[in-house]
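Structural overview for review
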Amino acid sequence: MRAVTWQGKRDVRVETVPDPRIEQPTDAVIRVTSTGLCGSDLHLYEVFGPFMTPGDVLGHEPMGIVEEVGPEAGDLKVGDRVVVPFQIACGHCWMCSSGLPTQCETTQVRDEGMGAALFGYSRLYGAVPGGQAEYLRVPQAQFGPIKVPEGPADDRFLYLSDVLPTAWQAVQYAAIPPGGTVAVLGLGPIGDMACRVALHQGAEKVFGVDLVPERLLRARGRGVDTFDLNGFDKQEELIEAIRDRTGGRGPDAVIDAVGTEAHGSPAARLGQQAAGLLPQAWAAKLFQKAGTDRLAALLLAIELVRRGGTISLSGVYGGAADPLPLLTLFDKQVQLRMGQANVRRWVDDILPLLVDEDPLGVDGFATHHVPLAEGAEAYKTFQETADGAVKIVMRP
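Rules used in this analysis
- Residues numbered from 1 in each chain as written.
- Predicted model: local features only at pLDDT ≥ 70, side-chain atom pairs only at ≥ 80, totals over all residues.
- Heavy atoms only, no water.
- Patch = residues over 30% accessible without salt bridge, like charges linked within 9 Å, V, L, I, M, F, W, Y side chains within 5 Å.
- Areas by Shrake-Rupley, 256 points an atom, 1.4 Å probe, with all protein chains shown as cover.
- Salt bridge = Lys/Arg side-chain N within 4 Å of Asp/Glu carboxyl O.
- Helix = DSSP H or I, 4+ residues; strand = E, 2+ residues; numbered from the N terminus.
- pLDDT = per-residue confidence, 0-100.
- Contact = heavy atoms within 4.5 Å.
- Buried < 20%, exposed > 50% of the residue type's maximum accessible area, 1.4 Å probe, protein only.
- Disulfide = S-S within 2.5 Å.
- Pairing = 2+ DSSP bridges.
- Axes fitted to C-alpha atoms, helices over the stretch in contact; angles between N-to-C directions.
- Core = buried A, V, L, I, M, F, W, Y, C linked by side-chain atoms within 4.5 Å.

**Structural notes on a nonpolar patch on the surface**
A contiguous nonpolar patch, built from Leu-299, Leu-324 and Leu-326 and spanning about 260 Å² of accessible area, is present on the exposed surface. Tracing the backbone shows Leu-326 in helix α11 (residues 326-331).

Printed below as a string of structure tokens:
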């Protein structure tokens, strides 16, 4: 089959790889009909190369048709139309039963000290072949795949794999009070959708911060009060502008939907680039023991949120030695919640919004649909935010 494979920093290629097959009784194999390109994929493209192996199949946002099932794949049947969550979880361990499938005790990658295995996301998360491919082996198929109805186009349901539950959890973790306010830092796919979810759930004001014109325009079109980073000479000016809209206090909650590759941290960027020049084993150890993130977005969130407010962190960070202003966090009495989205935890809340009406605008959410064969070009376009790219969907 054909699949998008990682070959090195900023080097992905569509190659022929072995077809997947049933390996365990709980496996299924699906024929992929649509697969998303995620901002987290760009971390592999740009930063987390030390944990990758040339030839790794990328992607963690697939949906498709079940082609084959193992004898213990639950009620999954050949021909079912399914969305596959990005994490691999059993559904019956203590963590899964507690609504935390990202910490699944059956699939935890204990050798790396990490949580549940993820599709297409480095050896840190199990080196499981991903979904940017014609076919996908789905472990723990008795729990993971989400059955969706026939009829609507793939885009109606595809984002259940990651974007929708990640944005939904970000808003839930933000604990926005009734009629409250929230600022969303980063208006890529997750930040954009988090704004939509917050408005849908009743936030009085949603402030969106970014520097990409197309992203800002999209958010404004959904009723978000946007702030262009390019319009401020200093961070303090941006903070004051938002505080002026919130009675001088700052927003009740801030969602950081940016993560490790935030702009504005040249020293950390230099450190990331230098690590990329080391031998792979050395670079991996450096990242795990002394890695640095570019913390501009998180530090902005800490300064921006009102006293007694909440920061919800959905952007991916990977450093282990990053200094945080704990005095400020303590003094402001800030609550901080974070983590990979627990996809199946939120599906029952989200799916009713996708069946008849489309209040979150998922049908028009993708800016680009491209053939899988153009995967390499899609990564470059997305990484450069070229051609107005906000969300790219590939079709095998």
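Structure shown, so let's carry the discussion forward.
**A closer look at the confidence of the model for the protein chain**
A low pLDDT means the predicted coordinates there should not be read in detail. Across the protein chain, the average pLDDT comes to 91, with 90% of residues at 70 or higher. Across residues 262-292 the pLDDT falls below 50, and counting only partners more than four positions away or on other chains, this stretch makes 56 contacts in the model.

**Observations concerning the environment of Val-334**
Take Val-334: it is sitting in the loop between α11 and β13 (335-338). Its relative accessible area of 15% is what places Val-334 among the buried residues. Taking the C-alpha atoms as reference, Val-334 lies 5.6 Å from Thr-310; in sequence the two are 24 residues apart. Setting aside anything within four residues of it in sequence, one finds Val-334 in contact with Val-305, Gly-309, Ile-311 and Leu-329.

**A short note on the state of the cysteines**
Applying the stated criterion across every chain yields a total of zero disulfides. Not engaged in a disulfide, the cysteine Cys-90 finds its nearest cysteine sulfur in Cys-104; these two sulfurs lie 3.7 Å apart. Free of any disulfide, Cys-96 has its nearest cysteine sulfur in Cys-93, 3.7 Å distant.

**Observations regarding the sheet that holds strand β10 (residues 225-228)**
Pairing in this open sheet of six strands is parallel, and the strands run β10-β9-β8-β11-β12-β13 from one edge to the other. With one partner strand each, in any of the chains shown, β10 and β13 form the two edges of the open sheet. This sheet shows a mean twist of 20° between the axes of neighbouring strands, independent of strand direction. Of the strand pairs in this sheet, strand β11 (residues 253-256) and strand β12 (residues 310-313) are connected by four bridges, and their pairing is parallel. Following the sheet pairing, Asp-256 is matched in β12 by Leu-313. Along the sheet face, helix α4 (residues 163-174) touches β11, β12 and β13 and points at about 160° away from the line of β12. Sheet contacts for helix α6 (residues 213-221): β9 (205-210) and β10; angle to β10, the most-contacted strand, approximately 165°.

**Looking at the side chain of Thr-181**
With respect to the helices and strands, the residue Thr-181 is situated in strand β8 (residues 181-185). Assessed through its relative accessible area of 10%, Thr-181 is described here as buried. Apart from the residues lying within four places of it in its own chain, the contact partners of Thr-181 are Ile-176, Lys-205, Phe-207, Thr-246, Gly-250, Pro-251, Asp-252 and Ala-253.

**Brief notes about the nonpolar core**
By size, the foremost hydrophobic cluster in this structure holds 71 residues, and its most contacted members are Tyr-159, Leu-164 and Met-193. Looking at this core element by element, the count peaks at seven residues for α4. Aside from chain neighbours lying at most four places away, what touches Met-193 is Val-163, Leu-164, Ala-167, Leu-360, Val-362 and Phe-365. In terms of nonpolar packing, the next biggest core, distinct from the first, is built from 20 residues, Phe-227, Leu-238, Ala-301 and Leu-329 among them.

**Topic: the pattern of salt bridges**
Tallied over the entire structure, the rule returns 22 salt bridges. Put simply, Asp-252 and Arg-306 hold a salt bridge, and the shortest N to O gap is 2.6 Å. Of this pair, Asp-252 sits in the loop between α7 (235-243) and β11 while Arg-306 sits in the loop between α10 (296-304) and β12, and the two are 54 residues apart along the sequence. In this structure Asp-252 comes out as buried when scored by relative accessible area, which is 15%. Its relative accessible area of 22% is what places Arg-306 among the partly exposed residues. One salt bridge in this structure joins Glu-384 and Lys-380, with 3.1 Å as the shortest N-O distance. Given the relative accessible area of 43%, Glu-384 is considered partly exposed. Accessibility expressed as a relative area gives 45% for Lys-380, which makes it partly exposed. Here the residues in one salt-bridge network are Asp-75, Lys-77, Asp-80 and Lys-147, joined through shared partners.

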